[in-house]
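Residue-level structure breakdown
Here is what each chain is made of, one letter per residue.
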Amino acid sequence: ILDLAGVTPPENIAGRPLSGVLDGSTDEHRELVISGWPLEYQKGRISIAVDSWPRRIAHDQPYTVTARGLSLVVGGPEDDLELYDLVTDPAEESNIALERPDDAIALLEESLRELEAIGTEPTLLEPRRGALARFRAALDSA
C-alpha cells in the first residue's frame, strides 16, 4: 500500500509489497499469510497497548498462519498448536493438529522461515520454536 501511495517505507517495516496484485500487473498472491502483529506481545514483556498503562504480558499471544485452505494458530511453548481445515470447517471449531501433524509442522516451519527471511528479530520467534518442540514431543510420546 505504501508503494501505491508513493511513500518510502520506514526501515523497520518488514514484508513484501502487494502493489503488483493491487495494480493488476500480476495475479500472483502470497501463498502464505501470517498475522505477525502478535509477535511483539510476548510473555514477560511490558505493553501499553490496551489503555496506555504499562502492563506485563502474562502469556505469548498467538499468531495465525493461513495457506492451502488451512489455518494454524501458534502461541508459545505452553500452548497446543491448533490446525483448522477452512474448507470443511470454516468456523474453526475442530482442531485437527493431531490428526494432520505433518500439515501443522509444515505450516509452522514455513512461517518461521518466512519471518526469518523478512528479518524478524530471533527472540520474537523463540516462543514459536518452543511450541513446535512441544508439539513434536507430544507426537513422540503418543
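Let us look at the structure shown here.

Calculation criteria
Residues numbered from 1 in each chain as written. Predicted model: local features only at pLDDT ≥ 70, side-chain atom pairs only at ≥ 80, totals over all residues. Heavy atoms only, no water. Axes fitted to C-alpha atoms, helices over the stretch in contact; angles between N-to-C directions. Helix = DSSP H or I, 4+ residues; strand = E, 2+ residues; numbered from the N terminus. Parallel < 35°, antiparallel > 145°, perpendicular 65-115°, else oblique. Left-handed = near helix turned anticlockwise from the far one by under 90°. Contact = heavy atoms within 4.5 Å. Nonpolar A, V, L, I, M, F, W, Y, C, P; charged D, E, K, R; others polar. Salt bridge = Lys/Arg side-chain N within 4 Å of Asp/Glu carboxyl O. Buried < 20%, exposed > 50% of the residue type's maximum accessible area, 1.4 Å probe, protein only. Pairing = 2+ DSSP bridges. Lys, Arg positive; Asp, Glu negative; His and termini not counted. Polar contact = N/O pair within 3.5 Å; in protein donor to acceptor, adjacent residues only side chain to side chain. Expected span 1.5 Å × (residues − 1).

A separate point is the packing of helix α3 (residues 101-117) against helix α4 (residues 122-141). The contact between α3 and α4 brings their axes to 11 Å, and the two run at 160°. Between α3 and α4, the interaxial angle falls into the category roughly antiparallel. When the axes of α3 and α4 are compared, the crossing they make is left-handed. Contacts from Pro101, Ala104, Ile105, Leu108, Glu109, Leu112, Leu115 and Glu116 in α3 reach Leu125, Arg128, Arg129, Leu132, Phe135, Arg136 and Leu139 in α4. Of the residues belonging to the contact of α3 with α4, the class tally is 10 nonpolar, no polar and 5 charged.

Opposite charge on two side chains makes pairing possible when the charged atoms of those side chains draw close. On inspection of all chains with the given rule, the structure shows 6 salt bridges. Residue aspartate 85 pairs with arginine 100 through a salt bridge whose shortest N-O separation is 3.2 Å. A residue pair is termed long-range when its members are at least 10 positions apart, and aspartate 85 in strand β6 (residues 82-85) and arginine 100 in the loop between β6 and α3 qualify at 15 residues. On the accessibility criterion, aspartate 85 (16% relative accessible area) is buried. With relative accessibility at 30%, the residue arginine 100 sits in the partly exposed group. Several salt bridges converge on common partners, so that one network encompasses Asp85, Arg100 and Asp103.

Sheet strands associate in pairs through backbone hydrogen bonding, adopting either a parallel or an antiparallel arrangement. Read from one edge of the open sheet, 4 strands run β1-β4-β5-β6, paired in antiparallel fashion. Each edge of the open sheet carries a strand with a single partner, namely β1 (33-34) and β6. Across 4 bridges, strand β5 (residues 70-74) lies against β6 in antiparallel orientation. Of the residues in β6, the one forming a bridge with leucine 70 is aspartate 85.

Glancing now at the pairing of strand β4 (residues 63-67). Side chains Tyr63, Val65 and Ala67 project from β4 onto a buried face, and the interleaved Thr64 and Thr66 project onto a face without burial. Direction of pairing for β1 relative to β4: antiparallel, over a ladder of 2 bridges. Note that in β4 the partner of isoleucine 34 across the bridge is valine 65. Relative to β5, β4 runs antiparallel, the two being bridged by 5 bridges. Counterpart to threonine 64 in the pairing with β5 is valine 73. The antiparallel hairpin formed by β4 and β5 contains 2 residues in its connecting segment, where arginine 68 sits at a positive phi of about 50°.

Right, let's talk about the side chain of aspartate 79 for a bit. Locating aspartate 79 in the fold gives a position in the loop between β5 and β6. For the buried aspartate 79, which has no salt bridge, the nearest side chain bearing the opposite charge is arginine 134, at an N-O separation of 6.8 Å. Engagement of the side chain of aspartate 79 in a polar contact is seen with the backbone nitrogen of glycine 76, the distance being 2.7 Å.

A few words on α4. Taking 1.5 Å of rise per residue, 20 residues should cover 28 Å, and α4 covers 28 Å from first to last C-alpha, within 8% of that figure. If you check which residues of α4 are buried, you get Leu124, Leu125, Pro127, Arg128, Gly130, Ala131, Leu132 and Phe135. Against β4, β5 and α3 lie the buried residues of α4.

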